[in-house]
Amino acid sequence: MKMISSDLITYPIVETFHSIQGEGAWMGVSAFFIRLAGCDVHCSWCDQKESWTVKPYPLRTVEELAKLAKQSNPLIVVITGGEPLIHNLDPLTDKLRRLGLRVHLETSGTHPFSGSFDWVTFSPKPLSLPNESIYSQTNELKIVIASELDLQWGQQEAKKVSSGTIKYLQPEWNSHESKQLIYDFILQCSDWRISVQIHKFLDFR
Ligand code: SF4
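Residues numbered from 1 in each chain as written. Predicted model: local features only at pLDDT ≥ 70, side-chain atom pairs only at ≥ 80, totals over all residues. Heavy atoms only, no water.

*Asks:* Can you break down helix α1 (residues 62–72) residue by residue, with the values?
*Replies:* Along α1, the residues classified as buried are V62, L65, A66 and A69. The buried residues of α1 occupy an angular sector of 95 degrees when the element is viewed end-on, so they sit on one face. In this structure, α1 carries K67 and Q71 as exposed residues pointing more than 90 degrees from its buried face. Of the surrounding elements, those touching the buried residues of α1 are β1 (10–20), β2 (30–36), β3 (59–61), β4 (76–80) and α2 (90–98). Two residues or fewer after α1 comes N73, characterised by a positive phi angle close to 55 degrees. (Buried < 20%, exposed > 50% of the residue type's maximum accessible area, 1.4 Å probe, protein only. Helix = DSSP H or I, 4+ residues; strand = E, 2+ residues; numbered from the N terminus. Arc of directions from axis to C-beta. Contact = heavy atoms within 4.5 Å.)

*Asks:* Describe in detail the pattern of salt bridges, supporting the description with residues and values.
*Replies:* All chains considered together, the criterion is met by seven salt bridges. K95 serves as the salt-bridge partner of D7, at 3.1 Å between the closest nitrogen and oxygen. Placement of D7 in the segment before β1 and of K95 in helix α2 is noted, with a sequence separation of 88 residues between them. This pair shows no difference in class: D7 is buried, exactly as K95 is. (Salt bridge = Lys/Arg side-chain N within 4 Å of Asp/Glu carboxyl O.)

*Asks:* Run through α2, naming residues and quoting values.
*Replies:* Note on helix geometry: an α-helix contains 3.6 residues per turn, so any two residues three or four positions apart are oriented the same way. Taken together, the buried positions of α2 are P91, L92, T93, K95 and L96. At its buried positions, α2 is contacted by β1, β2, α1, β4 and β5 (103–107). Looking one or two residues beyond α2, the residue adopting positive phi is G100, at roughly 85 degrees.

*Asks:* Give a description of the sheet that holds strand β8 (residues 166–171) that names residues and reports values.
*Replies:* Spatially, β3-β1-β2-β4-β5-β6-β7-β8-β9 is the arrangement adopted by the nine strands of the open sheet, whose pairing is mixed. Of all strands in the sheet, those with a lone pairing partner are β3 and β9 (192–194), marking the two edges. Across the sheet, the axes of successive neighbouring strands diverge by a mean angle of 30 degrees, strand direction being ignored. The pairing of β4 with β5 spans three bridges and is parallel. If you follow V78 over to β5, its bridge partner there is H104. Contacting β1, β2, β3 and β4, α1 crosses the sheet at an angle of about 70 degrees to β3. Strands β7 (140–145), β8 and β9 of the sheet are contacted by helix α4 (residues 176–188), whose axis makes an angle of about 150 degrees with β8. (Pairing = 2+ DSSP bridges. Axes fitted to C-alpha atoms, helices over the stretch in contact; angles between N-to-C directions.)

Below you can see the structure in the form of structure tokens.
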């Protein structure tokens with residue numbers, strides 16, 4: 001049987017764009033984003049609901065995606081979604097890294113880990129439990145806070161990641177209650193930090 005070249009493997013793509021990373025430890029750097037389609041987590045506050053289904057989106061080959069990323073000459077390539085780990089990310093990340101690109105992942109961790117990354121941002125969701133494979137891969141833990149319950153959930157998840165993991169609490173967008181919860185919590189627990197999405201404040205993507 002003839003083997004397909006890994007460069008010709010395809011992924012459903014919502015969008016690719018070159019911008020500035022707006023959140024987390026790499027906030028402020030030049031980043032090329034690859035947004036994969038498909039997510040079965042369905043958070044109520046999701047700001048990417050259009051990415052939940054795979055169907056309407058074009059399939060792009062590994063070769064095409066890698067060429068676009070390389071041409072942009074970013075500091076990092078961010079693979080996001082949707083939930084990227086629905087897909088096997090090995091072919092895509094292998095290619096990007098072979099081109100000398102630094103590759104980051106943003107995931108809820110609900111599917112088995114795949115791919116090879118320089119940085120992994122793990123944002124677990126209480127309604128859809130993470131797959132155990134994510135914990136040892138995590139560099140940055142990001143908990144979105146809507147209520148007191150989310151703070152408790154975040155502390156439980158933080159016990160499962162390695163000790164060097166940077167821990168962020170991010171307010172649900174425009175919720176005064178969540179901002180106050182985070183403010184009060186961090187004054188008590190100094191190993192946590194607040195995460196804000198500067199692209200929303202500065203009005204870039
Ligand atoms: S995991 Fe991410 S893409 Fe999926 S519903 Fe939640 S916020 Fe949206």
